[in-house]
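Residues per chain are reported as follows:
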Amino acid sequence: MHVNRRSGILACILAATLAAACEKASQVPTVHIGLIAELSGDLPAVGASSRTAAEMAVSQVNDAGGLTIGGRSYRVELAIEDNASKADQSASAAQKLASDSDIVAIVGPNASLGAIPAAEIAESSGMVMITPWSTNPKTTLDTRTGAPKKYVFRACFTDPFEGRVLARFALDTLHAHTAAILYDQSSEAPKSQSELFKTIFAEAGGTIVASETYTSGDKDFSAQLTKINQSAPDVVFLPAYYNDVPLVVQQAKRLGIKAPFLGSDAWSSPDLIKLSDNAVEGFYFCNHYAPDVATPEAARFVRAYTETYKRAPDDVAALTYDAFGLLFEALRGAGQVDRRATRDALAKIPTYTGVTGTMRFPEGSGDPIKSAVMLQIRGGKFVWVTNANP
Amino acid sequence: MSTPKLHAPSHRHRKGMLPALLAGGLAASYLLPYFGVLSPYVQLILISVGVNIILTSSLNLVNGYMGEFSVGHAGFMAVGAYGAAVLSVNVLPYGAAAPWLFPLAIVAGGLAAALLGCVVALLSFKTRGDYLAIVTLAFLMIVKSTLENLDVVGGARGFLGIEKLTTLPWVVAWSVATIWVIRNLVHSRYGRDIQAVRDDEIAANQTGVDTRRAKVLAFSVSSFFAGVAGGLLAHHLQFINPRMFDIAKSTDMLVMVYLGGIGSLGGSILGATIYTLLLEALRPLGAFRMMLMPLMLVLLMLFRPRGIMGMREFSWLLPACDRDAREAAASDVDKDGKA
Amino acid sequence: MLYVLQQTLNALQLGSIYALIALGYTLVYSILRMINFAHGDIFMVGGFVCFAAATYLQLPFAVTLLLAMGCTAILGAGLERLAYRPLRDAPRVSAVITALGCGIFLEHFVLWLSPYPQHVPALLQNQTWSLGGLSVSSIQTAIVAIAVALMLVLDFIVQRTMLGLAMRGISMDMKAVALMGVPVDLVISSTFAFGAALGGAAGVLYSLAYPVVDPYMGVLMGWKAFIAAVLGGIGHIRGAVLGGFLLGAVEILVTAFLPSTYRDLTVFTLLLMLLIVRPHGILGRPTLQKV
Amino acid sequence: MCLLEIQGLTHRFGGLCAVSDFNIKVTEGELLGVIGPNGAGKTTLFNLITGVYRASEGAVLFRGSDLVGRAPHEIVKLGVARTFQNIRLFKELSVLDNVRVADGVHAGYGAMDALLQLPRFRREESSGRERSMQLLERFQLDEYANTQARHLPYGLQRRLELARALATRPKLLLLDEPAAGLNVGEVDRLMDLLREVREEFRPTIILIEHSMRFVMRMCERLKVLDFGTTIAEGTPEAIRSDPKVLEAYLGEETPR
């Protein structure tokens with residue numbers, strides 16, 4: 001008897017909790033969004049920035065009373081998956097999220113290595129995927145036919161665009177006649193950017209006097225830099241991720257290289273200045289937005305992010321934030337929590353003004369039309385120099 | 001994958017366990033998704049498990065049965081992946097005929113890897129132990145660096161446009177085939193030769209073992225299947241990149257081999273399955289799982305230094321005649337002092 | 001000519017860091033015949049200790065160096081006690097895999113603390129001197145000098161002290177040495193501590209030259225140093241030093257005179273060829289197989 | 001009939017002459033003992049015959065063909081088997097598989113037969129297994145067939161090594177200190193076993209041994225080596241009283 005009574009009470013409590021849970025769930029409907037980030041593996045900093053920005057985007061929406069879709073207010077829930085910066089794990093993370101019918105869309109992976117296999121799965125499962133940071137043009141294309149994928153979008157511009165912007169900047173603004181290039185040959189974005197830079201710079205009459213490479217994980221660039229120094233270029237193009245940049249520029253300084261360096265959007269971390277002990281002073285790089293002449297959206301984001309995480313946001317954080325902004329906008333426009341409707345609404349967004357500028361998806365393409373800015377590092381700050389439109 | 005049992009119900013059932021496993025696995029892998037029982041996610045995980053089983057059992061041939069410490073397995077995998085992918089994208093016409101030509105592409109990738117395996121085997125004649133480990137490491141770096149410099153296959157940007165041809169039934173078929181072939185090999189005179197080389201190379205040679213042939217055989221069969229796994233992975237992810245085949249990939253395989261136990265195919269199956277499933281199950285822990293996994297590995301090694309199955313084998317993985325002998329011995333007093 | 005000299009200086013700096021890490025591998029190997037794959041990550045921990053000491057405690061350079069060496073020595077000896085000693089009678093490869101596991105654990109433990117790369121403030125005032133067009137920096141000089149000094153100290157310990165004698169004894173026959181009353185466990189622990197301390201020192205010197213530390217920085221450095229140790233003949237202290245400098249020189253000179261795109265290809269092909277010619281490294285002697 | 005003829009065999013390690021101008025003729029079915037102080041070059045002699053080292057000079061004619069320059073496994077296939085001074089078994093393999101490795105020298109199937117489990121493989125494999133089992137029974141090791149070799153007691157390990165050598169079906173058997181480390185009882189049993197082996201398998205045997213009792217009882221002919229050169233040759237009785245032999249042994253160890 002005693003046992004029975006106790007189990008009875010237990011059952012009651014259980015039922016009550018369940019009911020309460022159900023009630024709560026029915027009161028506040030939830031929309032689930034997946035995030036695939038490089039939390040471990042080669043690019044932990046990318047993953048960390050992406051995760052923090054995603055969490056901030058979601059909590060901002062929830063704090064503001066949730067996301068209004070079709071007249072109802074939804075809470076946003078984030079399902080975070082680590083892909084260990086690996087292709088196969090990205091695929092299984094994407095498939096895991098795609099198989100979960102609650103998930104309406106995914107953001108990430110950031111690096112193309114993971115974004116390309118994940119995109120294949122998103123496309124075949126008919127679920128929106130927005131990659132914040134993958135600049136490989138192939139991510140949003142059907143790799144066999146070359147036609148654009150239906151469900152895959154990105155929040156950033158592509159390597160060819162950036163390569164062109166940087167080459168033009170070197171020629172037109174810096175009036176460089178000779179350029180040297182140093183890039184990570186085992187990393188895809190730097191390799192693509194450097195190749196485009198080379199072609200465009202040479203076509204416009206410039207000369208590439210040195211083209212040197214290194215491999216991910218290298219810490220010593222003295223041999224390459226000594227070689228570059230020998231060739232006395234007007235400008236050194238360094239499309240490198242921001243944990244390589246400080247080592248390169250400091251070693252360059254020590255070896256007495258005087259030419260200015262020109263970098264890609266991967267430079268865009270405020271950490272860069274601290275990490276490189278200000279050796280980047282006077283150098284230029286291409287970015288998605290200019291913090292000093294920021295739009296109100298950007299200013300608000302930078303302030304909020306810095307307050308929450310005690311560090312300034314980098315490009316991955318800004319782009320992830322924009323990817324979520326785009327997705328929220330699409331969900332609002334879709335009027336229902338449905339994968340297909342979200343995709344259609346996303347493709348139809350007229351213009352979206354985010355942290356990284358205004359963007360619009362042209363008909364049938366997942367690549368946004370957005371402009372780039374050129375920044376200079378001056379007085380320990382990123383300073384706007386010029387805009388570059390597509 | 002069916003769960004391995006140490007003691008299957010009756011003798012008659014176990015005759016031809018592997019063919020039964022193949023037939024059952026194939027039927028299940030066709031039918032279950034067809035009826036919607038296996039979600040695409042579970043299928044995908046099973047595909048990774050299968051690919052890892054192929055990698056682990058093939059690496060076990062060199063590292064476990066032959067007792068060398070190869071860290072270059074990812075290199076063979078890369079050669080197989082690129083070989084198969086180039087063949088299926090650029091040479092063989094895809095479309096309607098592709099499913100028929102798919103095994104051809106995979107085998108070709110495997111053969112390319114096996115060829116390089118022979119080269120490494122030639123180097124292993126003079127170099128052994130830690131020096132051979134460095135040889136395999138150098139080999140891996142050379143393969144990776146070559147692929148990065150080959151713009152024909154996309155260089156560092158990776159090779160795209162591979163048809164999705166790897167399906168669960170194919171993976172089941174290939175993993176059972178791998179286990180079957182390696183099992184046949186290790187329980188033949190060639191396999192005993194390989195193990196004799198591990199235990200004492202000079203004594204083996206003085207007992208009539210052609211040690212060079214044993215090394216070439218072990219390396220080529222092992223790298224063949226690494227290549228097969230690479231080909232399957234390429235046609236599964238539809239995208240390959242030199243970065244996928246780095247030392248970290250080799251390290252993963254080493255962990256699976258030694259986790260399961262050297263010199264044991266059952267161990268390799270267990271090691272690959274447990275590692276893959278655990279990694280997947282712990283994914284929500286993010287970076288924390290990468291602290292947990294090595295910790296578990298270290299604890300396991302401390303308590304079972306030879307891995308889960310070190311030098312032991314499930315009886316259903318033994319050839320029929322060895323199995324009978326094992327049973328006869330077991331029914332006597334168990335003198336088998338295996339740790 | 002100037003160019004060659006400049007590149008030689010670069011090679012010396014890189015080589016001395018490789019050599020210091022390689023010494024850790026070779027020390028442990030010489031007495032236990034075991035490759036301590038966690039060593040690259042011990043080096044990383046050294047770098048992070050240096051970062052913490054310089055950033056939060058603002059200690060002077062010498063104290064930072066000693067602190068980093070002390071911390072990594074404790075870490076090395078601790079790993080030996082917890083993870084390798086119980087496996088001393090197990091197959092050799094079990095300990096190797098355990099070491100691999102410990103290394104991955106260390107990487108991700110640090111990653112958990114800080115996924116972002118960290119900047120190590122300048123520990124020494126850098127000055128670049130120009131000697132007839134040749135740029136020589138004070139940091140470069142300090143690195144090579146400290147590395148060489150540490151190597152000499154180690155060589156002295158191994159060749160001239162009782163501890164070194166015990167180490168050499170254990171490397172020849174652990175059982176016999178134990179029977180002669182040498183505290184084997186203690187000697188092995190201190191060998192691990194010495195090796196790890198050298199790794200930690202390498203971490204600090206590394207932070208001088210390359211002042212950005214990240215959790216994975218030990219992976220590639222570790223493998224390269226392991227290659228250096230094997231190249232010189234694993235188990236030979238002077239071989240490790242030679243291998244480290246040689247690897248640094250080959251890497252730099254190949255980049256200097258050949259297209260850097262093919263650097264890895266060339267370096268590893270050279271390595272393979274060297275191992276074909278000398279299957280036991282440069283100073284290593286083939287262990288005479290007694291039949 | 002002459003099975004083995006060694007002519008002018010010389011081997012140098014660096015400057016050291018381990019074996020110099022060694023000559024011998026061994027007739028079929030004979031049991032020849034080779035004795036000498038430690039470091040006299042006895043084991044080197046075996047290593048030269050079996051191809052571990054390549055002789056600097058001279059010829060090893062085995063049934064008319066020269067063994068010098070041949071790979072060790074080929075020499076085994078031609079009919080030369082050996083045991084080792086310090087036992088060298090395949091420690092992780094089972095006792096049965098130790099013998100099967102040796103038996104595999106004559107297995108008549110190829111790699112493809114094995115990989116695809118063709119009938120020839122099954123046939124050969126089961127007959128090889130059968131043969132190995134019989135050999136183990138002959139050596140009273142059958143009850144340990146599935147034990148890993150490293151778990152065998154020392155005496156049995158010696159016996160297993162002998163069985164393994166015989167499994168290659170040798171015409172010439174080289175035994176390197178078969179009685180080392182055995183107690184008196186075990187040595188007696190070994191002697192009985194060797195006699196039975198000679199009866200049954202009829203191999204020609206060359207035997208290195210330190211135990212004088214063993215050599216005197218077993219061998220028909222002895223050859224004494226010191227510093228790589230032959231210092232005496234003859235029947236055990238003749239050797240025992242040879243002053244040169246006694247001199248060689250003095251200071252090293254006295255013949256027991």
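Computed from a predicted model, the values in this text were never measured in an experiment.

## Here's the deal with the sheet that holds strand β14 (residues 372–378) of chain A
All names here are of chain A.
- A sheet is described by the order of its strands in space; here seven strands give the open sequence β8-β7-β9-β10-β11-β14-β15, paired in mixed fashion. Across the chains shown, the open sheet's two edge strands, defined by having one partner strand only, are β8 (207–214) and β15 (381–388). Ignoring which end each strand starts from, the neighbouring axes of this sheet average 25° apart.
- The sheet contact formed by strand β11 (residues 284–287) and β14 spans four bridges and is antiparallel. Bridge pairing links F285 to L375 in β14.

## Concerning the domain arrangement of chain D
All names here are of chain D.
- What the domain assignment lists for chain D is domain 1 (1–68 + 171–256) and domain 2 (92–169).
- Taking only C-alpha atoms, the centre of domain 1 and the centre of domain 2 are 28 Å apart.
- Counting residues at the interface gives 16 residues for domain 1, matched by eleven residues for domain 2.
- Here domain 1 packs against domain 2, burying approximately 1100 Å² in sum over the two surfaces, 66% of which is carbon and sulfur.
- Of all residues in domain 1, L173, L193 and F201 give up the largest surface area on contact with domain 2, accounting jointly for 36% of the area buried on that side.
- Here domain 1 and domain 2 share two salt bridges between them.
- A salt bridge links R138 to E196; the shortest N-O distance between them is 2.6 Å.
- Taken together, domain 1 and domain 2 are joined by five residue pairs in polar contact (both at pLDDT 80 or more).

## A look at the interface of chain C and chain A
- Each partner contributes to the interface: chain C provides 39 residues, whereas chain A provides 40 residues.
- A buried area of about 3000 Å², summed over both sides, lies between chain C and chain A, and 55% of it is on carbon and sulfur atoms.
- Of all residues in chain C, C:Y3, C:Y116 and C:H119 give up the largest surface area on contact with chain A, accounting jointly for 21% of the area buried on that side.
- There are three salt bridges connecting chain C and chain A.
- The partner of C:D214 in a salt bridge is A:K219, and the shortest N-O contact between them spans 3.1 Å.

The rules we used
- Residues numbered from 1 in each chain as written.
- Chains lettered and ligands numbered in written order.
- Predicted model: local features only at pLDDT ≥ 70, side-chain atom pairs only at ≥ 80, totals over all residues.
- Heavy atoms only, no water.
- Pairing = 2+ DSSP bridges.
- Helix = DSSP H or I, 4+ residues; strand = E, 2+ residues; numbered from the N terminus.
- Axes fitted to C-alpha atoms, helices over the stretch in contact; angles between N-to-C directions.
- Domains from an automatic or database assignment.
- Contact = heavy atoms within 4.5 Å.
- Buried area = accessible area lost by both parts, 1.4 Å probe.
- Salt bridge = Lys/Arg side-chain N within 4 Å of Asp/Glu carboxyl O.
- Polar contact = N/O pair within 3.5 Å; in protein donor to acceptor, adjacent residues only side chain to side chain.

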